[in-house]
Amino acid sequence: MEYVISTDRRGTDCFKWDLQDREFADASMKEAARQAIPMWIADMDFKAPAEVEEALLRVVRHGAYGYTGRTDDFFEAIEHWLLKRHGWNVERDWLDFSPGVLPGICACVNAFTQPGDRIMIQTPVYYPFYHIVKNNGRQLVENKLLRDGVHYRMDFSDLEEKASDPQTKMLILCSPHNPVGRVWTREELSRVSEICRAHHVMVVSDEIHSDLILGENRHLPFGCVDDRERPNSVMFYAPSKTFNLAGLQTSAAVIPDPEIHAAYRAALRKNQTYSATRFGIEAFKAAYRFGEPYLEELLTILKENYRYVKNYLEKYLPEIRLAPLEGTYLVWMDFRECGIPAEKLNEFLIKKAKIMMDYGSWFGSDYDGFARMNIACPQATIQTALEQLKDAMETVHKS
């Protein structure tokens, strides 16, 4: 590999590798988690691009790490990236900062809804969405995705019914979708836009995985869906997943409507979350300026890793069913036909297969028999994990 280099993350206080046992209260599960291969939380076992490392080293060598603002070159970096990678020619005054995508979504919830209002999410979905809605005193509304075998699609009839409730003020959209790996089509996003516009429902779109497109579809920014008017929406982007920079807490918001933009910025300032670190700013700029060769190599690796997982399971463990991975590096796996009680799946994976994945139940109450596997790692790690899974499954088949 020329650009994407694997790294051993153990011993760096890495949440994925060093602290996975914190998810458990039970002592036996804690010990098992420490021994398991971590294929859960969504970050990579690859170094960031060399240009990002050099940018951070320049900051370190300077030796002063005081308050840092954002100048034109910060916004030029994301502006150029969105045009180059996604064909979206955004205007400079649409762009703003966020100290991570989730804090940005929290700011939107507090700026554009009131306690008791209803906010929709499309389940199964990234589990912090649940916490953001509930912890801020809003009502959670689930627009559940429809499943045709292993394929997922939106339920537009249900979406429209719930959007028509005057108390429903917002939809948090996950695009591409985590965990089912869908890259929504123009037709799907146009229908979402049409329904939400008709019922005055704001769309807050988490597009953090938008660079990681593995299938034939192309990511369409939600702000590009309808050119007839400035959308009632906020879109969030970050180099976090693409370049393994999540710990630097630096993201961008795209907000075409000036009144919405002003309210969003006021919400960040109200909670004193409008400041950035120099490390985050410099890494953000370097990644978007110089990271394209890295990304192209990464996409090749991820496609090969997914192909390996798919072929291995089809050959040795066909009872485990995969949702087709169109985008992200997160594989959604259905274990319900494996003969393992759904409520015992997580214990089986950690104690028997010695793999730690994200629990399906974290993504929705109906997904106890599912798990999410992170494949952004060397293929040798995946091979070992799948061999352990195969050996563990053989004990189930014998019993």
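Residues numbered from 1 in each chain as written. Predicted model: local features only at pLDDT ≥ 70, side-chain atom pairs only at ≥ 80, totals over all residues. Heavy atoms only, no water.

The subject of this paragraph is the overall build of the protein. Tallying secondary structure elements over the protein gives 14 helices and 15 strands in all. Its C-alpha atoms give the protein a radius of gyration of 21 Å, within 12% of the compact-globule value 21 Å for 399 residues. Seen along its three principal axes, the alpha-carbon backbone of the protein occupies a region of about 65 × 55 × 40 Å. Within the protein, buried positions represent 55% of all 399 residues. Contacts in the protein between residues far apart in sequence, at least 24 positions, make up 75% of those at least 6 positions apart. (Helix = DSSP H or I, 4+ residues; strand = E, 2+ residues; numbered from the N terminus. Rg over C-alpha atoms; globule rule 2.2 N^0.38 Å. Buried < 20%, exposed > 50% of the residue type's maximum accessible area, 1.4 Å probe, protein only. Contact = heavy atoms within 4.5 Å.)

Here we come to the packing of aromatic side chains. Enumeration over the complete set of coordinates arrives at 26 aromatic pairs. Against the face of Phe97 rests Arg70, its NZ or CZ located 4.1 Å from the ring centre. Taking NZ or CZ as reference, Arg70 lies 4.5 Å from the ring centre of Tyr274, over its face. (Phe/Tyr/Trp six-rings, centres within 6.5 Å; stacked < 30°, edge-to-face > 60°. Lys NZ or Arg CZ within 6 Å of the ring centre and 35° of its normal.)

On to the pairing of strand β15 (residues 370-374). Within β15, five of the five residues are buried, which leaves it mostly tucked inside the rest of the structure. Burial along β15 is two-sided: the face carrying Phe370, Arg372 and Asn374 and the face carrying Ala371 and Met373 are both buried. In the sheet, strand β12 (residues 330-334) pairs with β15 via five bridges, with the strands oriented antiparallel. The partner of Leu330 across the bridge, within β15, is Asn374. Pairing of strand β14 (residues 358-359) with β15 involves two bridges; the strand directions are antiparallel. Within β15, the position partnered with Tyr359 by the bridge is Ala371. (Pairing = 2+ DSSP bridges.)

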